[in-house]
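Each chain, letter by letter, is given below.
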Amino acid sequence: MLSLIFACVLLGLASLRHGHDWQNWLNVIENWLLMLLIFPTATATVALPLKYRDPSFELKQAYYLGMFVALLFTLAKLRYWR
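**Here's the deal with the overall build of the chain**
What the chain contains, in helices and strands, is 4 helices and 0 strands. Each helix and strand of the chain, ordered N terminal to C terminal, gives the series α-α-α-α. Expressed along its principal axes, the backbone C-alpha trace of the chain runs to roughly 50 × 20 × 20 Å. Relative to its full complement of 82 residues, the chain shows a buried share of 27%. Long-range pairs, those at least 24 residues apart, make up 57% of the contacts in the chain with a sequence separation of at least 6. On the chain, roughly 5800 Å² of surface is accessible, and the fraction owed to carbon and sulfur atoms is 70%. Of the charged side chains in the chain, 7 are positive and 4 negative, and the gap between their average positions amounts to 7 Å.

Here it is in structure tokens:
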């Protein structure tokens, strides 16, 4: 799981390849928020009814699944981003 977090942080820095001005740093922060907060939180929120149905369900695993989905989404976005 630490390698997933590390990959998300490093992939968020991909916006700096064009320079180090303030707009590129805003893109880095946007990527980090998207990969480390927004997608994982949305995935865990959608999985919340499963926790109420099965108490052994771990929401932390759903959060990590959301991070993985955000990582794949960002990889696809960077593929076509120029």
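**Some points on helix H2 (residues 22-46)**
Helix length check: H2, at 25 residues, gives a terminal C-alpha distance of 34 Å against a target of 36 Å (1.5 Å per residue), a fit within 8%. Leu 34 marks where H2 bends most, by close to 40°. Of the positions making up H2, those classed as buried are Asn 24, Val 28, Asn 31, Leu 34, Met 35, Pro 40 and Ala 44. In the core, the buried residues of H2 are packed alongside helix H1 (2-12), helix H3 (48-53) and helix H4 (59-80).

**Side note on the packing of aromatic side chains**
Counted according to the given criterion, the structure contains 1 aromatic pair. Ring centres of Phe 39 and Phe 73 lie 5.3 Å apart, and the angle between their planes is 40°; on these two criteria the pair is classed as tilted. Note that Phe 39 is positioned in helix H2 and Phe 73 in helix H4, a separation of 34 residues in sequence. A residue is classified by how much of its surface remains accessible, and Phe 39, at 24% relative accessible area, is partly exposed.

Definitions and cut-offs
Residues take numbers from 1 onward in each chain, read along the sequence in its written order. Residues qualify for local features only when their pLDDT is at least 70, as the model is predicted, and side-chain atom pairs are given and counted only at 80 or more; totals for whole chains, interfaces and linings, by contrast, use all residues. Derived side-chain values reflect all non-hydrogen atoms in the structure, with water molecules and hydrogen atoms excluded from consideration. Each helix is a run of H or I in the DSSP string that is no shorter than four residues. Each strand is a run of E no shorter than two, and both are numbered from the N terminus. Burial classes: relative accessible area under 20% of the type maximum marks a residue as buried, over 50% as exposed, and values in between as partly exposed (1.4 Å probe, protein chains only). Contacts between residues were defined by any pair of non-hydrogen atoms, one from each residue, lying within 4.5 Å. Surface exposure here means Shrake-Rupley accessible area, sampled with a 1.4 Å probe, where a residue is shielded only by the protein chains that are shown. A residue counts as positive if it is Lys or Arg and as negative if it is Asp or Glu; His and the chain ends are not included. Charged groups are reduced to one reference atom each: NZ for lysine, CZ for arginine, CG for aspartic acid, CD for glutamic acid. Here the expected length of a helix is defined as 1.5 Å per residue gap, with one fewer gap than residues. Throughout, bend refers to the angle between the axes fitted to the seven residues that end at a position and the seven residues that start at it. Pairs were defined over the aromatic rings of Phe, Tyr and Trp, the Trp ring being its six-membered one, requiring ring centres within 6.5 Å. Orientation was assigned from the angle between planes: stacked under 30 degrees, edge-to-face over 60, tilted for the rest.

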